[in-house]
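Structural features, examined
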Amino acid sequence: MERLLAQVASLGADEREALLYLLGRQGATLTISDVAAALSGSRSGAARARWPAALRQLVRRGLVVQAGSGRMARRPSLREWLRRELAPHRPSDEELDEALAVVLRRLAAAGPGTRGR
């Protein structure tokens, strides 16, 4: 579990902020423009330019997946990520729920725009 928490703690401020935003809209698939507008107040220019890199990193790490038409939308996949990372241990649903709660607490404690602990 410490290895997983270290991965979460290594997220950059923009990555963490984008992930927290997506997690707060569980079940929704949002475009990069949607995320940029919500987090920066604009869908264009420099405000929009910073979020594709953060979302790309989250996809690369497996914490967010591409979805929707043309795979332009993003949705969180934290539970799926945990299931993959814990696969060698074959976690039960209860263990997976516990691990998810720990990771969410760690993310919330770090908060958006701060370095993970």
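Rules behind the numbers
- All chains use their own residue numbering, which begins from 1 and follows the written sequence.
- A pLDDT threshold of at least 70 governs which residues receive local features in this predicted model, and a stricter bar of 80 or more applies before side-chain atom pairs are shown or counted, although totals over entire chains, interfaces and linings include all residues.
- Derived side-chain values reflect all non-hydrogen atoms in the structure, with water molecules and hydrogen atoms excluded from consideration.
- By definition, any uninterrupted DSSP run of H or I lasting at least four residues is a helix, any uninterrupted run of E lasting at least two residues is a strand, and each is numbered from the N terminus.
- Given the number of residues in a helix, its expected span is that number minus one, multiplied by 1.5 Å.
- Relative accessible area decides the class of each residue, using a 1.4 Å probe on protein chains only: under 20% of the type maximum gives buried, over 50% gives exposed, and in between gives partly exposed.
- This arc corresponds to the set of directions leading from the helix axis out to the C-beta atoms.
- Here, residues are in contact when the closest pair of their heavy atoms is within 4.5 Å.

Quick look at helix α6 (residues 93-110)
- Across its 18 residues, α6 extends 26 Å between first and last C-alpha, which sits within 8% of the 26 Å expected from 1.5 Å per residue.
- Taken together, the buried positions of α6 are Leu96, Ala99, Leu100, Val103, Leu107 and Ala110. Viewed along the axis of α6, the buried residues span an arc of 100°, placing them on a single side of the element. Every exposed residue of α6 that faces more than 90 degrees away from the buried side is listed here: Glu94, Glu98, Arg105 and Ala108.
- The secondary structure elements touched by the buried residues of α6 are α1 (2-9), α2 (13-24) and α5 (78-85).

Description of α1
- For α1, the complete set of buried residues consists of Leu4, Leu5, Val8 and Ala9. Looking straight down α1, one finds that the buried residues subtend no more than 140° of arc, so they occupy a single side.
- Those residues of α1 that are buried lie in contact with α2, α5 and α6.

Everything listed is a geometric property; what it means functionally is a separate question.
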